[in-house]
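This is what each chain is made of:
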Amino acid sequence: MVTSDTPEAPVLLTALSRWYLYAIHGYFCEVMFTAAWEFVVNCNWKFPGVTSVWALFIYGTCILIVEQMYLKLRGHCPVLLRCIIYTLWTYLWEFGTGLLLRQFNACPWDYSEFRYNFMGLITAEYAVPWFCASFIVERFVIRKTLRLRFHEGPEDGWSKNPSDAGGGGGGGAVGPVGGERRRERSREMGSDANGYLKVE
């Protein structure tokens, strides 16, 4: 039973919260990948990474759908086969979103200079990078994100009283009683909790 002295049970991140994390991950990885590509091809020590704001929507939505694929497929096929499926989906999503954006002259990528490109929207040369990215996304992004929990509580994520949070009526000091209470709640919630996000 949840009382005023007991923190509520953590809840799963919403789909929008997970989409946000996936969007930031994809956005960051694209900047790093283009910077590394520029260095390898042109030996540019400035490492100029480029992307587009459209990448936030594209990666966030794409990985959120891959997440649902992972939940459906994880007990039915091995990881390598899943990554092949993710790669095929990535090609389909890249082509579809690129074709849509091209209608408004807003597509931020063009693979026309690659030998095995199709309409400049996708290219076979990226098959291995997309496969590796799919593996990383499943093993280190999706699985970890699905373990995150949101704790709906006061600002410090634990205490109900202002004095326990280091402010309010207690004048900013945390006494032994408040400190002991916080430690007890920490043990109840798990030692690996960190504020609003908790990893089980």
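Conventions and cut-offs
Residues numbered from 1 in each chain as written. Predicted model: local features only at pLDDT ≥ 70, side-chain atom pairs only at ≥ 80, totals over all residues. Heavy atoms only, no water. Helix = DSSP H or I, 4+ residues; strand = E, 2+ residues; numbered from the N terminus. Buried < 20%, exposed > 50% of the residue type's maximum accessible area, 1.4 Å probe, protein only. Areas by Shrake-Rupley, 256 points an atom, 1.4 Å probe, with all protein chains shown as cover. Axes fitted to C-alpha atoms, helices over the stretch in contact; angles between N-to-C directions. Parallel < 35°, antiparallel > 145°, perpendicular 65-115°, else oblique. Left-handed = near helix turned anticlockwise from the far one by under 90°. Contact = heavy atoms within 4.5 Å. Nonpolar A, V, L, I, M, F, W, Y, C, P; charged D, E, K, R; others polar. Phe/Tyr/Trp six-rings, centres within 6.5 Å; stacked < 30°, edge-to-face > 60°. Salt bridge = Lys/Arg side-chain N within 4 Å of Asp/Glu carboxyl O. Core = buried A, V, L, I, M, F, W, Y, C linked by side-chain atoms within 4.5 Å.

**So, the overall build of the protein**
Of regular secondary structure, the protein possesses five helices and six strands. When the helices and strands of the protein are listed from N to C terminus, the series reads β-α-α-α-β-β-α-β-α-β-β. With 200 residues in all, the protein has 30% of them scored as buried. If you sum the accessible surface of the protein, you get close to 12,400 Å²; carbon and sulfur atoms cover 65% of it.

**Notes on the packing of helix α2 (residues 54-73) against helix α3 (residues 79-102)**
Contact geometry of α2 with α3 gives a least axis separation of 10 Å together with a crossing angle of 150°. On the basis of the axis angle, α2 is roughly antiparallel to α3. Here α2 runs over α3; the crossing is right-handed. Two secondary-structure elements touch here, α2 through Trp54, Phe57, Ile58, Thr61, Cys62, Ile65, Val66, Met69, Tyr70 and Leu73 and α3 through Arg82, Ile85, Tyr86, Trp89, Thr90, Trp93, Thr97 and Leu101. Here the residues of the contact of α2 with α3 sort into 14 nonpolar, three polar and one charged.

**A look at the packing of aromatic side chains**
Scanning all chains against the criterion turns up 14 aromatic pairs. Between the aromatic rings of Tyr111 and Tyr126, the centroid separation amounts to 5.1 Å while the plane-to-plane angle is 65°, which identifies the pairing as edge-to-face. Linking Tyr111 in the loop between α3 and β2 (117-118) with Tyr126 in the loop between β3 (122-123) and α4 (127-145), this pair joins segments that are 15 residues apart in sequence. Of the two residues, Tyr111 and Tyr126, both sit in the buried class.

**Concerning the pattern of salt bridges**
Counting across every chain of the model gives three salt bridges. A salt bridge links Arg18 to Glu67, with the shortest nitrogen-to-oxygen separation between them at 2.8 Å. With Arg18 in helix α1 (residues 15-42) and Glu67 in helix α2, the pair connects residues that are 49 residues apart, well separated along the chain. The same class applies to Arg18 and to Glu67, which are both buried. Its salt-bridge partner being Glu138, residue Arg82 comes within 2.7 Å of it at the nearest N-O pair. Of the two residues, Arg82 sits in helix α3 while Glu138 sits in helix α4, which places them 56 residues apart along the sequence. Glu138 shares its class with Arg82; the two are buried. Connected via shared salt-bridge partners are Arg82, Glu138 and Arg139.

**A closer look at the nonpolar core**
Ranked by size, the top nonpolar core spans 24 residues in total, and within it Tyr22 and Ile142 carry the most contacts. Only α2, α3 and α4 provide two or more residues apiece to this core. Element by element, the count of residues in this core is highest for α2, at eight residues. When sequence neighbours within four positions are dropped, the list of residues in contact with Tyr22 reads Tyr59, Gly60, Ile63, Leu64, Glu67, Val141, Ile142 and Thr145.

**Regarding the environment of Leu16**
Relative to the helices and strands, Leu16 resides in helix α1. In this structure the C-alpha to C-alpha distance between Leu16 and Gly60, which are 44 residues apart in sequence, comes to 9.4 Å.

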